[in-house]
Amino acid sequence: MSKGIILAALLFVAAHILSWLQLNMQFLSEWWQGRGLLSVIVFGIPCGLLFWYAWGQATESLDKSLWGARFLSFGLSYLTFPIMTHYFLGESMFTPKTMICVFLSFVIMFVQIYA
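Remember, predicted model here, so these are calculated numbers, not experimental data.

All told, the structure shown has one salt bridge when counted by the stated rule. The salt bridge partner of Glu60 is Lys64, with a shortest N-O separation of 2.6 Å. The exposure class assigned to Lys64 is exposed, which follows from its relative accessible area of 56%.

In structure tokens form, the structure reads like this:
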């Protein structure tokens, strides 16, 4: 696996974490409820920049494949979301449907990186 793919994956994970926080801080703290614009400014701007750089790095590292970048981002989002949701909100990721999707995200990333 190339350094470019690893960098893209790290940037995507960071972006997905910020995206999750932007959307879900309203459920973690009463203070964030009703502060959507502030949430977009605080989390959305750095999140958007991370996605932008991750997308460029992934596309370049996967032979200029936009589909490869898309599926890498998707696969990493399906790893990040269940972990964050389970850790912060106590929603179990250990349901058959979620575990199948997490497994498939590994398969998607494997195909994009190694096939």
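Further remarks concern the packing of aromatic side chains. Given two aromatic rings, their pairing is described by the distance between the two centres and the angle made by the two planes. According to the stated counting rule, one finds nine aromatic pairs in the structure shown. Here the aromatic rings of Phe12 and Phe51 are separated by 6.2 Å at their centres, their planes lie at 50°, and the arrangement is tilted. One end of the pair, Phe12, is in helix α1 (residues 3–28); the other, Phe51, is in helix α2 (residues 36–61), and 39 residues separate them in sequence. Classification of Phe12 by relative accessible area gives buried; the value is 0%.

A negative phi angle is the norm for most residues apart from glycine, just as the trans form is the norm for most peptide bonds. Even without being a glycine, Asp63 presents a positive backbone phi close to 55°. Along the chain, Asp63 falls in the loop between α2 and α3 (66–89). Exposure remark for Asp63: the relative accessible area of 72% places this residue in the exposed category. For Lys64, which is not glycine, the phi torsion reads 60° and is therefore positive. In this fold, Lys64 is placed in the loop between α2 and α3.

Rules used in this analysis
Residues numbered from 1 in each chain as written. Predicted model: local features only at pLDDT ≥ 70, side-chain atom pairs only at ≥ 80, totals over all residues. Heavy atoms only, no water. Salt bridge = Lys/Arg side-chain N within 4 Å of Asp/Glu carboxyl O. Buried < 20%, exposed > 50% of the residue type's maximum accessible area, 1.4 Å probe, protein only. Phe/Tyr/Trp six-rings, centres within 6.5 Å; stacked < 30°, edge-to-face > 60°. Helix = DSSP H or I, 4+ residues; strand = E, 2+ residues; numbered from the N terminus.

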